[in-house]
Amino acid sequence: MDFGFILSSAASEIFSPTTAAYALAALGLAVHFGYSGLLNFGQAGFMAVGAYGFAISTLTFGVPFFVGLLIAILASAVFALLLGIPTLRLRADYLAIVTIAAAEIVRYIVTTNQLTSVTGSANGLAAFEGGFYSMNPFPEGSYFGMNNRDFFIRVVGWALVALCCTLVWLLMRSPWGRVLKGIREDENAVRSLGKNVYAYKMQALIIGGVLGALAGMIFTLPRGAVQPANYGTELTFFLYTCLLLGGLGTVLGPVIGAMIFWVVLSLTQGILYGLIESGAITWLNTVQAGQLRYILVGVALMLLMIFRPQGVFGNKKELAFA
């Protein structure tokens, strides 16, 4: 078993585009749940709306990259409004029910055969990333062992993560952010001070949803394809895992949590596959090993919740509302 290869493969996941996408989406959940107390179980739906909004506008209407980006952002904002208007005046569990159902509705709509010409049905859409890579300023060559396309998407993805983290940090330090934290702790007390709790919740839902839409785009660009199977309910729970690993009411927590999540997944997969190939494990095949690694991550998450429930960077005070 080549431990050097396993470790290098795991280390490469730290700054991969997929990790950046998970970090962005988990940051959106931090705005929703960590700072506002909004229990959103449909972040995968926001990612799908962003990815499909960009892909459809590019392939069907032939719009430039930045117009497609704007359409994806607007689509996620409209999606947030559709979810928030009937639910944000009610208790938190209603939002959870509506968001998880809405994410599944989006996934089933894009797989409808009648929309194959627009959404690609179960096969998804492909070849929409040309406009993005046409802006690549890096010439052909090797950059830290990557080609210029891989390096470009990493630079863009992590620059976007840094920008969004900075914006969220500034927002949460502002009076607007302090109102959100007050709503998370006791929305009736905030309402008694004359604040429009409904409007603040809606704004937080839209901002977190936009972060999810941006994550959906970063998630699909390296693959050059968007497929509905990638936006199942389990994706949202993986994002919550990243959020809990790093810490709920933090800005850097979701980013570090996404890094830990993907490094641990890569390490467990590499070690299990190596043990199977070497004959040390004979009662597993590679398919079962792929499932077992998620079980191991789940056990690790349970242990984290027992011994450090606030996450790596979290504060125990942030758990008071949960």
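- The protein chain carries the name Branched-chain amino acid ABC transporter permease in an unreviewed UniProt entry, which gives Pseudarthrobacter scleromae as its organism.
- UniProt annotates the protein chain under Subcellular location (unreviewed entry) with the comment "Cell membrane".

Describing the pattern of salt bridges
So, step 1. Summed over all chains, the structure comprises 5 salt bridges.
So, step 2. Residues glutamate 104 and arginine 107 are paired through a salt bridge, measuring 2.7 Å at the closest nitrogen-oxygen approach. Taken as a pair, glutamate 104 and arginine 107 lie in helix α5 (residues 92-110) at a separation of 3 residues, close to a single helical turn.
So, step 3. Here glutamate 185 and arginine 184 are joined by a salt bridge, their closest N and O atoms 2.8 Å apart.
So, step 4. Classification of arginine 184 as buried rests on a relative accessible area of 11%.
So, step 5. Taken together, the shared-partner salt bridges in this structure form one network comprising Glu187, Arg191 and Lys201.

Section: the UniProt feature "transmembrane region" (unreviewed entry) in the protein chain
So, step 1. The UniProt feature table records "transmembrane region" (unreviewed entry) at residues 14-31, 65-85, 151-172, 204-225, 237-256, 263-284 and 290-307.
So, step 2. When the span residues 204-225 is considered, its composition is 77% helix and 5% strand, and the gap between its end C-alpha atoms is 29 Å.
So, step 3. With 100% helix and 0% strand, the stretch residues 290-307 has end C-alpha atoms that lie 27 Å from each other.

Regarding unusual backbone geometry
So, step 1. Here serine 121, not a glycine, exhibits a phi torsion of approximately 55 degrees, which is positive.
So, step 2. Inspection of the secondary structure assignment puts serine 121 in the loop between α6 (116-119) and β1 (125-126).
So, step 3. Taking the relative accessible area as the measure of exposure, serine 121 reaches 8% and is therefore buried.
So, step 4. With a phi close to 55 degrees, phenylalanine 144 is a non-glycine residue in the positive phi region.
So, step 5. As for its position among the elements, phenylalanine 144 is in the loop between β2 (142-143) and β3 (146-147).

What counts, and where the lines are drawn
Residues numbered from 1 in each chain as written. Predicted model: local features only at pLDDT ≥ 70, side-chain atom pairs only at ≥ 80, totals over all residues. Heavy atoms only, no water. UniProt positions renumbered as here; feature names shortened; annotations may be inferred. Salt bridge = Lys/Arg side-chain N within 4 Å of Asp/Glu carboxyl O. Helix = DSSP H or I, 4+ residues; strand = E, 2+ residues; numbered from the N terminus. Buried < 20%, exposed > 50% of the residue type's maximum accessible area, 1.4 Å probe, protein only.

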